[in-house]
Structure formats: structure tokens, C-alpha cells
Amino acid sequence: MTAQHLEQTAAHDIAAHYRIAMATVHDRLDTIPREMIGLYGSPFGWTVLGEYVAAALCIEGRAPFMPTVH
């Protein structure tokens, strides 16, 4: 998978979990520190990115994002 495809898939999964627009997720993910880019490479990393988005948007009362691993 390409880096761009991983980013798109992560954004889609995060948006679906929190029931928010994918554009909103992209806006938040575009602000992650450069050091966090490597998080796209693992399911644990996607969990961290999902929590980053939730915290940035003050999303409360939802279960933490956990990606489905195939």
C-alpha cells in the first residue's frame, strides 16, 4: 500500500467511527506533528491518530477508535 492510500484509509475509518466528515478528519490529520507521520504504518498508530482527531475536535462519549485489522 502506498503512503497516500494508507492515509486515505485511516481518514475514512476514523471519520466513519466518529461519524464526522472525512474532510474534517483530513483537516485535523494535516496538523499532526511531522514526528507522527510514521503512525500511519500500523494499527496501533491509527488508534493514536484517531484519538488525536477526537481530542482536537473535543469528541466525547464515544468509544476509542480501534481499526479493524484484516
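Quick summary incoming for the structure in this document. What you see is a predicted model; the values in this text were computed from it and never measured.

The next thing to look at is helix H3 (residues 43–56). The end-to-end C-alpha separation of H3 is 20 Å, in line with the 20 Å expected for 14 residues at 1.5 Å each. Along H3, the positions that sit buried rather than exposed are Gly-45, Trp-46, Thr-47, Leu-49, Gly-50, Val-53 and Ala-54. In the stretch just after H3, Cys-58 is the one whose phi turns positive, near 55°.

We now examine the nonpolar core. Core analysis: the largest hydrophobic core is formed by 16 residues, its most contacted members being Ile-14, Val-25, Leu-29, Ile-32, Tyr-40 and Leu-49. Taken together, the elements giving at least two residues each to this core come down to helix H1 (3–18), helix H2 (22–29) and H3. Of the residues forming this core, the biggest block, five residues, is contributed by H1. With residues near it in sequence (within four places) discarded, Leu-29 still touches Ala-11, Tyr-40, Leu-49 and Val-53.

Axis separation between H1 and H2 bottoms out at 9 Å; the angle between their running directions is 120°. In terms of orientation, H1 lies oblique with respect to H2. In this structure, H1 meets H2 at a crossing whose hand is right-handed. Along the contact surface, H1 presents Gln-8, Ala-11, His-12, Ile-14 and Ala-15, while H2 presents Met-22, Val-25, His-26 and Leu-29.

It is worth spelling out H1 at this point. Taking 1.5 Å as the rise per residue, H1 with 16 residues should run 22 Å; its terminal C-alpha atoms sit 23 Å apart, in good agreement. Looking only at H1, the buried set comprises Ala-10, Ala-11, Ile-14, Ala-15 and Tyr-18. The arc enclosing the buried residues of H1, seen along the axis, measures out at 130°, which places them on a common side. At its buried positions, H1 is contacted by H2 and H3.

Turning our eyes to something else, we now look at the side chain of Thr-47. With respect to the helices and strands, the residue Thr-47 is situated in helix H3. Its relative accessible area of 15% is what places Thr-47 among the buried residues. Ignoring anything within four residues of it in the chain, the contact list for Thr-47 reads Phe-65, Met-66 and Pro-67.

With a phi close to 55°, Arg-19 is a non-glycine residue in the positive phi region. Along the chain, Arg-19 turns up in the loop between H1 and H2. A positive phi is found at Cys-58, a non-glycine position, where the angle reads about 55°. Taking the relative accessible area as the measure of exposure, Cys-58 reaches 60% and is therefore exposed.

What counts and how
- Residues numbered from 1 in each chain as written.
- Predicted model: local features only at pLDDT ≥ 70, side-chain atom pairs only at ≥ 80, totals over all residues.
- Heavy atoms only, no water.
- Helix = DSSP H or I, 4+ residues; strand = E, 2+ residues; numbered from the N terminus.
- Expected span 1.5 Å × (residues − 1).
- Buried < 20%, exposed > 50% of the residue type's maximum accessible area, 1.4 Å probe, protein only.
- Core = buried A, V, L, I, M, F, W, Y, C linked by side-chain atoms within 4.5 Å.
- Contact = heavy atoms within 4.5 Å.
- Axes fitted to C-alpha atoms, helices over the stretch in contact; angles between N-to-C directions.
- Parallel < 35°, antiparallel > 145°, perpendicular 65-115°, else oblique.
- Left-handed = near helix turned anticlockwise from the far one by under 90°.
- Arc of directions from axis to C-beta.

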